[in-house]
Every structure is written in C-alpha cells, then in structure tokens.
Amino acid sequence: MYDPVLLRTFLGLVDAGSFTGAGHRLGLSQPTVSQHIKKLEESVGRPLVIRDTREVRLTDAGDALAGFARSILAAHASAEAYFAGPATRGRLRFAAADDLAITQLPRILRHFRQQNPQITLELTVGQSGPLVRRLAAGQLDLVFVKEPAEAPGDGVLVLRDRFVWVGQDTTVVEADKPVPLVMYRAPSLSRTMAIEALEQRGRRWRIVCTVRDVGALVAAVRAGLGVSVFPHSLIPGDLTKVTNRFSLPDLAEVDFRLLANPAAPREPIAALTEAIRSQTFGPAEPSR
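Rules behind the numbers
Residues numbered from 1 in each chain as written. Predicted model: local features only at pLDDT ≥ 70, side-chain atom pairs only at ≥ 80, totals over all residues. Heavy atoms only, no water. Helix = DSSP H or I, 4+ residues; strand = E, 2+ residues; numbered from the N terminus. Expected span 1.5 Å × (residues − 1). Buried < 20%, exposed > 50% of the residue type's maximum accessible area, 1.4 Å probe, protein only. Polar contact = N/O pair within 3.5 Å; in protein donor to acceptor, adjacent residues only side chain to side chain. Core = buried A, V, L, I, M, F, W, Y, C linked by side-chain atoms within 4.5 Å. Salt bridge = Lys/Arg side-chain N within 4 Å of Asp/Glu carboxyl O.

A. Spotlight on helix α1 (residues 4-16). The end-to-end C-alpha separation of α1 is 18 Å, in line with the 18 Å expected for 13 residues at 1.5 Å each. Burial in α1 covers these residues: Pro4, Leu6, Leu7, Thr9, Phe10, Leu11, Gly12 and Leu13. Of the residues flanking the start of α1, the one acting as N-cap is Asp3, its side-chain oxygen 2.9 Å from the backbone nitrogen of Val5. Two residues or fewer after α1 comes Gly17, characterised by a positive phi angle close to 85°.

Okay, here's the thing in structure tokens:
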C-alpha cells in the first residue's frame, strides 16, 4: 500500500520539475518534499528520480509510478466523494405502474440515483392493482400507482391526471362500427373506465387485442390494431390523443399516488418520495 500523501508529493514533484517548485505547490518545505520522495522510493524499492543541479528527471520506475499514482489518487477522490455524499443508505423494494416505466420513470430514477448513490433499489414494474396487493402483503416497501380520482386515497398524491384515448396517426375508427379496443386483461382500471365511458355514450365497442403488460399494449396500438387509453401525462411519444378525432367520450380522472409499507425503513422511502415529487410531469407529445 503506497501512502497517498507520498504519492501526492511525488506528483507535485513530477508536475513542478523541482523540489523547490513542488514545495511551493504543496505548501511543504523542500526538506519535507525530499523526505517524502525518499520514503516512497523505500516503499517501491527502486529509485524514482535522478537528481542533478538543474532539474529532476524520472527514472523508468518513476515514469511508471506517475501513471499508477494518478489512478490511485483518482480512486481515493472518488471514494471520498462517495462517502461524503448523503448518509441515507439501505435497500428499497420499489414498484411502479408499467406505463410509468416507459415514460417518466427512467428520468425519476436517474435523478434519484444521482442524489442517493448509497440506496440499493429492487425495482418491480406491473399493473397497479397487483402492486398494491403485494405492498399490503409486505412484499414491497413503496409503490407508485394509479387509482381512481374519486376514491378515498391513502399515501402521497403526486399528480391528478385524466385518461385519454390514444392511437396512431393512421388508426381508423369508423363511426358506424364498434370501437376497436386494445386493453389490459381484467381486472384493470383503464379497461373498466374505457368500457363504462363508451357504454354511457351508447357507443359499441369490441376488444380486438388483450394484453398483459404495457409493452404489448403499445406494440398493438403502434401496429394500428385499435385504440387504447393512457393517462395524458404518459402518452408515448409516437402515439397521439385521438379523443376528438373519433368523437370518443371523455374519460375519468386518475390519481398517481405513492403508497408506503409502514414497516419499511423510513429514510429510503422519504428520499425516493422526495425525488419523485420534485419531478415535473407532462405529456410526452402535445395532444391532438
């Protein structure tokens, strides 16, 4: 193990080119610089510099050590920065609704990691209902989910949004035919809201594709199989709002809430909650 203090003095000598110059740079006396270099040479077991009356030149061993020294001191600086950061640490079992995962979640987690490098995340993505049940069973610490806006909500309200109809620019919905729907398997909040709204308007509908996850849902809508519903702030960038184009009924509002396990560690939950609440939510694409 080479003493970082001696390595700093050595690099000061390399950069300054003289013992006197190194002393000025480092705030050390010339005898102290000489003493540090001598101790380092004893540790390495080889001469590091060639001294003459005019300049200091590195030996082959000194030239090699200069590269190692810079890497060693850079690692020391990284370690110091890491442990000088936020003290919050631990493991957090976090889950989020899957439509968040393809839109807002990456930006949120990137911000959280920058602010809290010592918290280890176990990330789960799925539909809101099953995630809430897993939270109640003690299998998760914090969930970021969608709930009906009119329901009495627990936890922290992050955003109140509204479901909207989405499709491709080339999607066709004929007025005299059933609305082709791409929907999650039941039970599903978005599925229930969409079907209830169509039936209240007297519009016929037909589920043309049933999916288990948001990846399949987006793929089916991108393929033009039909229309689906998304929270307005989570519309994928290559899809668009089609409510007005096809005279589809307005949909209900939805709340994004953070629900915590009361038995989970509080500091990691508070840190991620703050990171999520500090972010700005907005539609990925202007609605049409």
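On we go.
B. Expanded view of the nonpolar core. Ranked by size, the top nonpolar core spans 39 residues in total, and within it Phe94, Phe144, Trp165, Leu181, Val227 and Leu272 carry the most contacts. Breaking this core down by element, the ones donating at least two residues are β3 (90-97), α6 (105-115), β5 (142-148), β6 (156-167), β7 (179-184), α8 (189-201), β11 (253-260) and α10 (266-277). Ranked by size, the runner-up nonpolar core spans 18 residues in total, among them Phe10, Phe19, Ile37 and Leu48.

C. Examining the environment of Ser233 more closely. Among the secondary structure elements, Ser233 is positioned in the loop between β9 (228-231) and β10 (240-241). What makes Ser233 buried here is its relative accessible area of 5%. Between the C-alpha atoms of Ser233 and Ile207, which are 26 residues apart in sequence, the distance is 24 Å. Here the side chain of Ser233 touches Asp161 through a polar contact of 2.6 Å, side chain to side chain.

D. Inspection of the pattern of salt bridges at higher detail. For the coordinates displayed, the defined rule picks out ten salt bridges. Glu147 is paired through a salt bridge with Arg257; the nearest N and O atoms lie 4.0 Å apart. With a gap of 110 residues between them, Glu147 in strand β5 and Arg257 in strand β11 connect regions that are remote in the sequence. For Arg257, a relative accessible area of 10% puts it in the buried group. Between Asp255 and Arg257 there is a salt bridge, with its nearest N and O atoms 3.6 Å apart. A single salt-bridge network, built from bridges that share partners, covers Glu147, Arg160, Asp255 and Arg257.

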